[in-house]
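Residue-level structural notes
For reference, the chains in residue letters:
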Amino acid sequence: MIDRRKFLGTVALGTASAAFLAACGQSSSPAQTGSADNPVTITYTWWGNDDRAERTRKAIALFESKNPDVKVNGNFSDFAGYWQKRATEAAGGGLPDVMQWDLSYLRDYGQRNQLLDLGTVKINTDAFDKSLLPSGQIRGKTYGIPTSTNAFAVYYDPAKLASLGIAEPDVSWNYKEFNAFLSEVGQKGNGTLFGGTDYTGVWWNFNIWLRQNDIKAFTEDGKLGFSKDDLKKWWNLSADLRGTGAIVGEDKTTQLLPKSPFGSNVTATEVTWDNFMAGYLADSGAKELKLVPVPSDDPDNLGLFLKPSMLMVASAKTKYKDAAARFIDFMVNDPEVGQIFKTSRGVPASKTQRDGTTFEGTDKLVVDYEKSIEKYLKDAPEPPIVGFGTLESTFKRVSSDLNYGKLTIDGAADAWFKEAEDLIKQNA
């Protein structure tokens, strides 16, 4: 469990520049401007571990040295505790000035006017891929700016495959070939090494399959864009693998927590986001891990997209819009910030930051993978519907019950749709 603690940014130094605010075209009311002798103070919060906290501390100190009229007070927590705190603050009307954010919760807060429209302040997005920016937009307003990107991939351990005499996968495969591969690993692993986890239990992998079939996950009016039959087809893809050595059982997966089966060397593959590379290497002790695209039955449509691994947002009630905007712009664009974080937040979304960062070793593997899939990438989806965080958790829970044998595929689809439709009605 991550220790929750707070820290203050380093003391601001230097001379204020009120001219900067004027140059940005923003208002310069006394409530918004500071000086080196009397800087304004903004609050910033994020989720993460001690490593991210240390990197963030360095970025804050760098920002303050370049912007002596602004002081940043920062704190962090683990992911689950983070959203509990934001919900409490939002109910009391006291969200921090600037926040690290997840795409799953953007519509919940943005649509309720709790986040600042960042299109009203000065943040440079010229260096961002235009296909990525819509992920932070709702109804024509920009509520989030991506810090970094990640994409879905299949991880595999080449040493484990070599030990079983199994050839490494090609860069393209369909679901039948992928299932056969998982089965072969399971058979030759003989109960000590499984092919992988059940890839149909992950919402974002389902989302990719929908895109491969030209089906939208959600409609523009906040309803489900897919049918119950679509969900049944998805869960049926791995039906023949359940209860075999091809995929690890749910009971075994639970025993391994907090590590993943892949990080625990129980599986030879894992289908997930590409920026987990460093964590998997550390957990597993593997000398090398590789990435290939997810399977697709349409070789020209892999359903892949760059998802913001996280975004920067600001409170709609911040008294310091200009300072908040400068801090966000700095965190997403400054090359020195890129050098501090590398790919620990994902691959930098801004080309300016990306080009100013040196990637080596593990970081280079992730960057190279995203370059390799550029021709397959399509526009990132818009922010999910209100309540999506709950829907995603329910998807995982129902999938788990399916793998335990507590539910049939029909029963699992019925259970998920009922909860999803009830939630959508509540938030209509």
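Residues numbered from 1 in each chain as written. Predicted model: local features only at pLDDT ≥ 70, side-chain atom pairs only at ≥ 80, totals over all residues. Heavy atoms only, no water.

1. Description of helix α7 (residues 203–212)
Counting buried positions over the 10 residues of α7 gives 10, a clear majority of the element. Those residues of α7 that sit buried are Trp203, Trp204, Asn205, Phe206, Asn207, Ile208, Trp209, Leu210, Arg211 and Gln212. A positive backbone phi angle near 55 degrees is found at Asp214, which sits one or two residues after α7. (Buried < 20%, exposed > 50% of the residue type's maximum accessible area, 1.4 Å probe, protein only. Helix = DSSP H or I, 4+ residues; strand = E, 2+ residues; numbered from the N terminus.)

2. Considerations on the nonpolar core
Membership of the largest hydrophobic core comes to 121 residues, with the highest contact counts inside it found for Trp101, Trp203, Trp235, Phe327 and Trp416. Leaving out residues up to four positions away in the same chain, Trp416 has contacts with Trp203, Leu224, Phe226, Leu231, Trp235, Leu391, Thr394, Phe395 and Val398. (Core = buried A, V, L, I, M, F, W, Y, C linked by side-chain atoms within 4.5 Å. Contact = heavy atoms within 4.5 Å.)

3. Observations regarding the pairing of strand β8 (residues 152–156)
Burial analysis of β8 places 5 of its 5 residues in the buried class, the great majority of the element. Bridge count for β8 against strand β9 (residues 269–273) is 5 bridges, and the pairing is antiparallel. Bridge assignment links Val154 to a residue of β9, and that residue is Val271. Sheet topology places β8 next to strand β10 (residues 290–292); 3 bridges connect them, and they run antiparallel. Residue pairing in the sheet places Tyr155 in a bridge with Leu291 of β10. (Pairing = 2+ DSSP bridges.)

4. Digging into the sheet that holds β9
Within the open sheet, the 3 strands sit side by side as β9-β8-β10. Their pairing is antiparallel. What marks the edges here is a single partner per strand, and that holds for β9 and β10. Within the sheet, the average angular offset between the axes of one strand and its neighbour, ignoring direction, is 35 degrees. (Axes fitted to C-alpha atoms, helices over the stretch in contact; angles between N-to-C directions.)

5. Points about the packing of aromatic side chains
Tallying each qualifying case throughout the model produces 45 aromatic pairs. When the centroid spacing of 4.8 Å and the interplanar angle of 85 degrees are considered together, the rings of Trp83 and Trp101 count as edge-to-face. Taken as a pair, Trp83 in helix α3 (residues 79–92) and Trp101 in strand β4 (residues 98–101) lie far apart in primary sequence, 18 residues in all. Just above the ring of Tyr82 sits the side chain of Arg86; from NZ or CZ to the centre is 4.4 Å. (Phe/Tyr/Trp six-rings, centres within 6.5 Å; stacked < 30°, edge-to-face > 60°. Lys NZ or Arg CZ within 6 Å of the ring centre and 35° of its normal.)

6. What about the environment of Asn403?
Structurally, Asn403 can be placed in helix α15 (residues 388–404). Distance from Asn403 to Pro96, taken between C-alpha atoms, is 40 Å for residues 307 residues apart in sequence. In contact with Asn403, other than residues within four places in its own chain, are Asp198, Arg242 and Glu250.

7. Focus: a negative patch on the surface
A cluster of acidic residues, Asp170, Glu177, Asp214, Asp297, Asp298 and Asp300, forms a negative patch at the surface. Note that Asp214 resides in the loop between α7 and α8 (228–236). A relative accessible area of 65% means that Asp214 is categorised as exposed. (Patch = residues over 30% accessible without salt bridge, like charges linked within 9 Å, V, L, I, M, F, W, Y side chains within 5 Å. Areas by Shrake-Rupley, 256 points an atom, 1.4 Å probe, with all protein chains shown as cover. Salt bridge = Lys/Arg side-chain N within 4 Å of Asp/Glu carboxyl O. Lys, Arg positive; Asp, Glu negative; His and termini not counted. Charge placed at Lys NZ, Arg CZ, Asp CG, Glu CD.)

8. Some details on the side chain of Arg107
As for its position among the elements, Arg107 is in helix α4 (residues 106–110). Not counting the four nearest positions on each side in its chain, Arg107 is found in contact with Arg112, Ile138, Glu382, Pro383, Pro384, Ile385 and Val386.

9. Examining the environment of Phe327
Among the structural elements, Phe327 can be located in helix α11 (residues 321–333). Phe327 gets classed as buried once you look at its relative accessible area, which sits at 0%. Sequence separation between Phe327 and Val171 is 156 residues; the distance between their C-alpha atoms is 40 Å.

10. Thoughts on unusual backbone geometry
Outside of glycine, negative phi angles account for most residues, and trans bonds account for most peptide bonds. Positive phi is not limited to glycine here, since Asn190 has a value of about 50 degrees. Along the chain, Asn190 turns up in the loop between α6 (175–189) and α7. In this structure, Asp214 is a non-glycine residue whose phi angle is positive, near 55 degrees.

11. Some details on the packing of α8 against helix α16 (residues 409–426)
Relative orientation of the contacting elements α8 and α16 amounts to 135 degrees, with a least axis distance of 9 Å. Between α8 and α16, the crossing angle belongs to the class labelled oblique. When the axes of α8 and α16 are compared, the crossing they make is right-handed. Residue-level inspection shows Lys228, Leu231, Lys232, Trp235 and Asn236 of α8 in contact with α16, the latter providing Ile409, Asp410, Ala412, Ala413, Asp414, Trp416 and Phe417. (Parallel < 35°, antiparallel > 145°, perpendicular 65-115°, else oblique. Left-handed = near helix turned anticlockwise from the far one by under 90°.)

12. Quick look at the environment of Asp170
As for its position among the elements, Asp170 is in the loop between α5 (158–164) and α6. C-alpha separation for the pair Asp170 and Pro293, spaced 123 residues apart in sequence, amounts to 9.3 Å.

13. Thoughts on the pattern of salt bridges
All chains considered together, the criterion is met by 16 salt bridges. Between Glu168 and Lys290 there is a salt bridge, with its nearest N and O atoms 3.1 Å apart. One end of the pair, Glu168, is in the loop between α5 and α6; the other, Lys290, is in strand β10, with 122 residues separating them in the sequence. When the shortest N-O distance is used, the salt bridge between Lys188 and Glu184 registers 3.1 Å. Here Lys188 and its partner Glu184 are both found in helix α6, 4 residues apart, which amounts to about one turn of the helix. A cluster of three or more residues bridged by salt bridges with shared partners is formed by Lys66, Asp334 and Glu336.

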